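Working through the structure, step by step
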Amino acid sequence: MRATASAFSTPVHLWRPSTSLNRAQWRTLQRQWQRDFSCKHQRPTSRTFQLRTARRYQSTESTAAPSPKPSPAPPAAPAPAPSAAPSPAPKAAAAGSSPRNWIYGTATVLFLGFGFLYITDTRASIHQFVVVPSLRLLHVDAEEAHHAAIKYVKGLYAFGLHPRERDTADQTMGDLKVEVFGHILNNPVGTSAGIDKNADIPDPLFELGAAVVEVGGVTPKPQEGNPRPRVFRIPSQNALINRYGLNSEGAEHVAMVLRERVRQYAYDHGLGLDAEAERLVLDGEAGVPPGSLRDGKVLAVQVAKNKVTPDSDIAAVAKDYVTCVDHLAKYADVLVVNVSSPNTPGLRDLQATAPLTAILSSVVDSAKSISRKTKPAVMVKVSPDEDSDAQVEGICSAVWSSGVDGVIVGNTTKKRPDPVPQGYVMPANEEKLLSEVGGYSGPQMFERTLSLVKKYRSKLDLGPVEDEGGKSAPSQASDKEPVSASEPVQTASSTSDLTANPIEASVQRDAQHLKPLTTEADKESQQPIVKVPERHHTSELQSSGQTLEPASVSGPVSAVAPPPSNPASPTTSQSTQATSSTDSPASTPPSKSGSKTKDLEPKIIFATGGITNGEQCLQILNAGASVCQVYTAMMYGGVGTVTRIKQEMREKMHQHGKDGKQ
């Protein structure tokens, strides 16, 4: 024992047990020392450490195989000194922190939950006053900011964090519903082409409350467009100048994106993920429009020609449009033929009657031949700069001759309007931007758009005018005063003063923000400026309970036969006969001879250009349009623009309703 005791008094780093240990046992004992030392983070007293180590070694050695010369047991370790009782302070602290942690955790969850609901609501003012200015600061170039916004929205939508319209007034109230191409739309507000050129975010745009989303313009082959920089902001006017030049990924790329969207919808609704599932959705088996894939909404796809296609070769130009239609028509509810971009040289020359008729006829024929039960409607987008009587009449003649279903009035303009408010002196840098080549868009465009809608409405409601050879020719009626679509269409020979019409007089008066002079005048006016005109929807008409059908594309002078069943159209208590009855004489324009009238589907008008608020949208609707589209307003107003416009429309209607009761 003396040897053992002397050994325990030896420092740790020099101590060797008196018993014979093989190399493996010695290494095991050494590792145990190192473990104890590292756990304590300090070198313990030599006596305590040695006793503990020896005891542990004995326990491990007793379980091992017996050695020929077992080592003597180490002396009993002295009893450890009694330690002080553990302090209850840590337990008390833990008990006290538990409610506090619960409060902090609950507050964090509530903050994140309400923050999510607020930020993803289109009614949140943060989108207009924080997000939009932040994008301008982060991305000085306007085009970069636009692409970044699309990327952000697309990424957020993939994770369910995208902005959306949480207001359910469209479904619960139904006061803004309109009927377009056989579809009952939730509201008359849409987005214009240019926001989503390559169909990257149609679904996020629908989530913002728009009933019409227009993607494109799409060209047959991919093209880069004009050199950068090509987009310029004019913040003081909330306006833009762009010369994109129809930059596009091409018809095949956009068709592939839309096809995958349809197949994903089919898969999500248990129809499969193959071509047969796609066919079921496109043929209306899913019960939704094949383009938008949403009840009460439609998807418009804009097509255009390639920049390198010569304008003088009408056959080649028509082939460009037909190529786009062949790829994209089955994924669209509405096809839009763009002949009005100011940034493609010679494109607006195609708005002359002869070339436009040839192009539109080719597009209509191609759209009618797609492999889908219901065919897309076809519209043509015209320029605001071609606004003379002869130009408008020529376009209307081409529309009736080709069988096109409607017109989108308005695009960017080559002209530079005066600043608003009148007399405002623009900053020098913005005034310099006005000299940039490109199309101008902004609030100053509204009055021109409104005037042009009235002109097209009056011309289109006259119907096709046949010449002596039996062919349709441009109508020659005067358009000094626009005719309301809710009144019988009258030729210049049958009326001398359209201002005697009380409806038209009311529109003009309300447009100038003047109240009726008498109670009788107020009753006669029927308050058209503050309610969606009856000709746009049939919610208050009584009928036999048939299903509304899209207008079939027929020749300009042939009678419209009862259209085939359309499972994608909503079922309602109205019929197509109700919408074309004698309550809407505009649907039966007189022929030139006056001997008989022919039942023709009225042409639909969409309007875009300078529309920034609900009151302006109401004026556009009463001028004869069925849908008002926004573009630049969203660039400055953010993702809540559509919701705000609809809310302003309802407030204006409600306010005027109260004034009428008083």
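Residues numbered from 1 in each chain as written. Predicted model: local features only at pLDDT ≥ 70, side-chain atom pairs only at ≥ 80, totals over all residues. Heavy atoms only, no water.

- An unreviewed UniProt entry annotates the protein chain as Dihydroorotate dehydrogenase (quinone), mitochondrial of Hortaea werneckii EXF-2000.
- Listed in UniProt under the heading Cofactor (unreviewed entry), the comment for the protein chain reads: "FMN".
- Listed in UniProt under the heading Catalytic activity (unreviewed entry), the comment for the protein chain reads: "(S)-dihydroorotate + a quinone = orotate + a quinol". (UniProt positions renumbered as here; feature names shortened; annotations may be inferred.)

**Looking at the sheet that holds strand β4 (residues 212-218)**
- Read around the closed barrel, the eight strands follow the order β3-β4-β7-β8-β9-β10-β14-β15; overall the barrel is parallel. Adjacent strand axes in the sheet meet at a mean angle of 25° when their direction is disregarded.
- Looking at chain direction, β4 and strand β7 (residues 298-303) are connected through five bridges and run parallel. Paired with Glu 214 across the bridge in β7 is Ala 300.
- Across the face of the sheet, helix α11 (residues 314-328) comes into contact with β4, β7 and β8 (334-338) while running at roughly 150° to β7.
- Relative to strand β9 (residues 377-382), helix α12 (residues 353-368) is tilted by about 155°, and along the sheet it contacts β8 and β9. (Pairing = 2+ DSSP bridges. Helix = DSSP H or I, 4+ residues; strand = E, 2+ residues; numbered from the N terminus. Axes fitted to C-alpha atoms, helices over the stretch in contact; angles between N-to-C directions. Contact = heavy atoms within 4.5 Å.)

**Regarding the nonpolar core**
- If you look at the biggest cluster of nonpolar residues, it comprises 94 residues, and the most contacted ones within it are Tyr 321, Leu 328, Val 380, Tyr 456 and Ile 620.
- Looking at which element gives the most residues to this core, the answer is helix α9 (residues 251-268), with seven residues.
- Sequence-distant contacts of Tyr 456, that is, excluding residues within four places in its chain, are made with Val 382, Glu 386, Val 392, Ile 395, Cys 396, Val 407, Val 409 and Ile 605.
- One finds Val 178, Leu 185, Val 298 and Val 627 within the second-largest nonpolar core, a separate group that totals 16 residues. (Core = buried A, V, L, I, M, F, W, Y, C linked by side-chain atoms within 4.5 Å. Buried < 20%, exposed > 50% of the residue type's maximum accessible area, 1.4 Å probe, protein only.)

**Regarding the pattern of salt bridges**
- All told, the structure shown has 23 salt bridges when counted by the stated rule.
- Notably, a salt bridge pairs Arg 123 with Asp 121, separated by 2.9 Å at the nearest N-O pair.
- Judged by relative accessible area, Asp 121 falls into the buried class, the value being 9%.
- The residue Glu 436 makes a salt bridge to Arg 243 at a minimum N-O spacing of 3.0 Å. Linking Glu 436 in the loop between α14 (428-433) and β11 (439-441) with Arg 243 in the loop between β6 (239-242) and α9, this pair joins segments that are 193 residues apart in sequence.
- Relative accessible area serves as the criterion here: at 18%, Arg 243 is assigned to the buried category.
- Several salt bridges converge on common partners, so that one network encompasses Glu 165, Asp 170, Asp 175, Lys 646 and Arg 650. (Salt bridge = Lys/Arg side-chain N within 4 Å of Asp/Glu carboxyl O.)

**Some points on a nonpolar patch on the surface**
- Taken together, the side chains of Leu 110, Phe 114, Phe 116, Leu 117, Tyr 152, Leu 156, Phe 159 and Leu 161 make up a nonpolar region of the molecular surface, amounting to roughly 810 Å² of accessible area.
- For the nonpolar patch, the secondary-structure elements that each account for two or more residues are α4 (89-119) and α6 (142-158).
- The element best represented in the nonpolar patch is α4, accounting for four residues.
- With respect to the helices and strands, the residue Leu 156 is situated in helix α6.
- Given the relative accessible area of 34%, Leu 156 is considered partly exposed. (Patch = residues over 30% accessible without salt bridge, like charges linked within 9 Å, V, L, I, M, F, W, Y side chains within 5 Å. Areas by Shrake-Rupley, 256 points an atom, 1.4 Å probe, with all protein chains shown as cover.)

**Quick look at the UniProt feature "transmembrane region" (unreviewed entry) in the protein chain**
- Cross-referencing UniProt, the feature "transmembrane region" (unreviewed entry) maps to residues 101-119 in the present numbering.
- Spanning residues 101-119, this segment combines 100% helix with 0% strand, and its end C-alpha atoms are found 26 Å apart.

**A short note on the pairing of β6**
- Of the two faces of β6, the one carrying Ala 239 and Ile 241 and the one carrying Leu 240 and Asn 242 are both buried.
- Note: strand β5 (residues 231-234) against β6, four bridges, orientation antiparallel. The partner of Arg 233 across the bridge, within β6, is Leu 240.
- Where β5 hands over to β6, the hairpin turn is made up of four residues, of which Asn 238 adopts a positive phi near 50°.

**Points about the packing of aromatic side chains**
- Under the definition given, this model contains one aromatic pair.
- Its end group placed over the ring of Tyr 244, Lys 197 keeps NZ or CZ at 4.7 Å from the ring centre. (Phe/Tyr/Trp six-rings, centres within 6.5 Å; stacked < 30°, edge-to-face > 60°. Lys NZ or Arg CZ within 6 Å of the ring centre and 35° of its normal.)

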